[in-house]
Amino acid sequence: MATGTATFMIDDALFTLLAHVGLHMAREKLPPLVQKIPLSSLKLATHAHGIELRGLGPIKPVFQPSIDAQGQVEMKVQVNVFDMSALGELLAKQVNDQIAQLRQLVEAQGLHFHLRQVQTKPNELVIIADVSDN
């Protein structure tokens, strides 16, 4: 039985780009205040305490990523003034789409892929998966 660990890192610049793509597609689901903000002014910043959305003035929602029961990344809002759950779902979808590509590559080699942990560090989202041949 061979096992190993795959680590997938997304830095703030790529994460912000992924978020912009998703925000453009799901803008109508966001609170009206957020809909009015130009996408180019919104940035994501990862810290040890989570993922902060910047560009909304004094409002700085923080999302905490985790692995749900289905083995997918989810983003729960930690600090919130408005209902930003749609944005958390959108960010999670963008991350899970990237993970799905990696999962396909691993499984095409006849290996199994299981997300184990997701964490935030300064300037990166780190996703850790177990890879095994059984």
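Preceding this paragraph is the structure being described.
The structure displayed is predicted, hence computed values, not measured ones.

I would appreciate a short explanation of unusual backbone geometry in the present structure.
Negative phi is the rule for most residues except glycine; trans is the rule for most peptide bonds. The phi dihedral of asparagine 123 falls on the positive side, at around 70 degrees, and the residue is not glycine. You can call asparagine 123 partly exposed: its relative accessible area is 41%.

What exactly am I supposed to notice about helix α1 (residues 12-25) here?
Side chains three or four residues apart in an α-helix point the same way, a direct result of the helix having 3.6 residues per turn. Taking 1.5 Å of rise per residue, the 14 residues of α1 would be expected to cover 20 Å, and the 20 Å separating its terminal C-alpha atoms lies within 8% of that figure. Residues of α1 that are buried: Asp12, Phe15, Thr16, Leu18, Ala19, His20, Gly22 and Leu23.

When you look at the environment of valine 21 in this model, what are you seeing that I'm missing?
Relative to the helices and strands, valine 21 resides in helix α1. Considering only alpha carbons, one finds valine 21 and threonine 5, 16 residues apart in sequence, at a separation of 29 Å.

Can you help me understand the pattern of salt bridges in this one?
Pairing between side chains becomes possible if they bear opposite charge and their charged atoms approach one another. Applying the stated criterion across every chain, the model contains 3 salt bridges. Among the ionic pairs, aspartate 97 bridges to lysine 93, the shortest N-O distance being 2.8 Å. Here lysine 93 and aspartate 97 lie together in helix α3 (residues 85-108), a separation of 4 residues that amounts to about one turn. Using a relative accessible area of 42% as the deciding quantity, one classes lysine 93 as partly exposed.

Any chance you could explain the sheet that holds strand β1 (residues 3-11) here in plain terms?
Through backbone hydrogen bonds, the strands of a sheet pair up, either in parallel or in antiparallel fashion. Taken together, 3 strands build an open sheet; the order of strands is β1-β7-β6 and the sheet is antiparallel. Lying at the two open borders of the sheet, with one neighbouring strand each, are β1 and β6 (112-121). Looking at each pair of strands side by side, their axes are set apart by 20 degrees on average, direction ignored. Bridge analysis of β1 against strand β7 (residues 124-132) gives 9 bridges, and the strand direction is antiparallel. In the sheet register, phenylalanine 8 faces β7, and the bridge partner there is isoleucine 127. The sheet contacts of α1 involve β1 and β7, and relative to β1 the element is tilted by about 75 degrees. In the packing of α3 onto the sheet, contacts are made with β1, β6 and β7, and the angle to β6 comes to roughly 145 degrees.

Explanation requested: the nonpolar core in the structure shown.
Here is a general trend for soluble globular proteins: nonpolar side chains tend to be buried in one another's company. Ranked by internal contacts, the top residues of the largest apolar core, which has 35 residues, are Phe15, Met75, Leu87, Val95 and Leu125. Only β1, α1, β3 (50-54), β5 (73-79), α3, β6 and β7 provide two or more residues apiece to this core. In terms of residue count, α3 provides more of this core than any other element does, 7 residues in total. Leaving out residues up to four positions away in the same chain, valine 95 has contacts with Ile10, Phe15, Val73, Met75, Leu125 and Ile127.

Reading guide: rules and limits
- Residues numbered from 1 in each chain as written.
- Predicted model: local features only at pLDDT ≥ 70, side-chain atom pairs only at ≥ 80, totals over all residues.
- Heavy atoms only, no water.
- Buried < 20%, exposed > 50% of the residue type's maximum accessible area, 1.4 Å probe, protein only.
- Helix = DSSP H or I, 4+ residues; strand = E, 2+ residues; numbered from the N terminus.
- Expected span 1.5 Å × (residues − 1).
- Salt bridge = Lys/Arg side-chain N within 4 Å of Asp/Glu carboxyl O.
- Pairing = 2+ DSSP bridges.
- Axes fitted to C-alpha atoms, helices over the stretch in contact; angles between N-to-C directions.
- Contact = heavy atoms within 4.5 Å.
- Core = buried A, V, L, I, M, F, W, Y, C linked by side-chain atoms within 4.5 Å.

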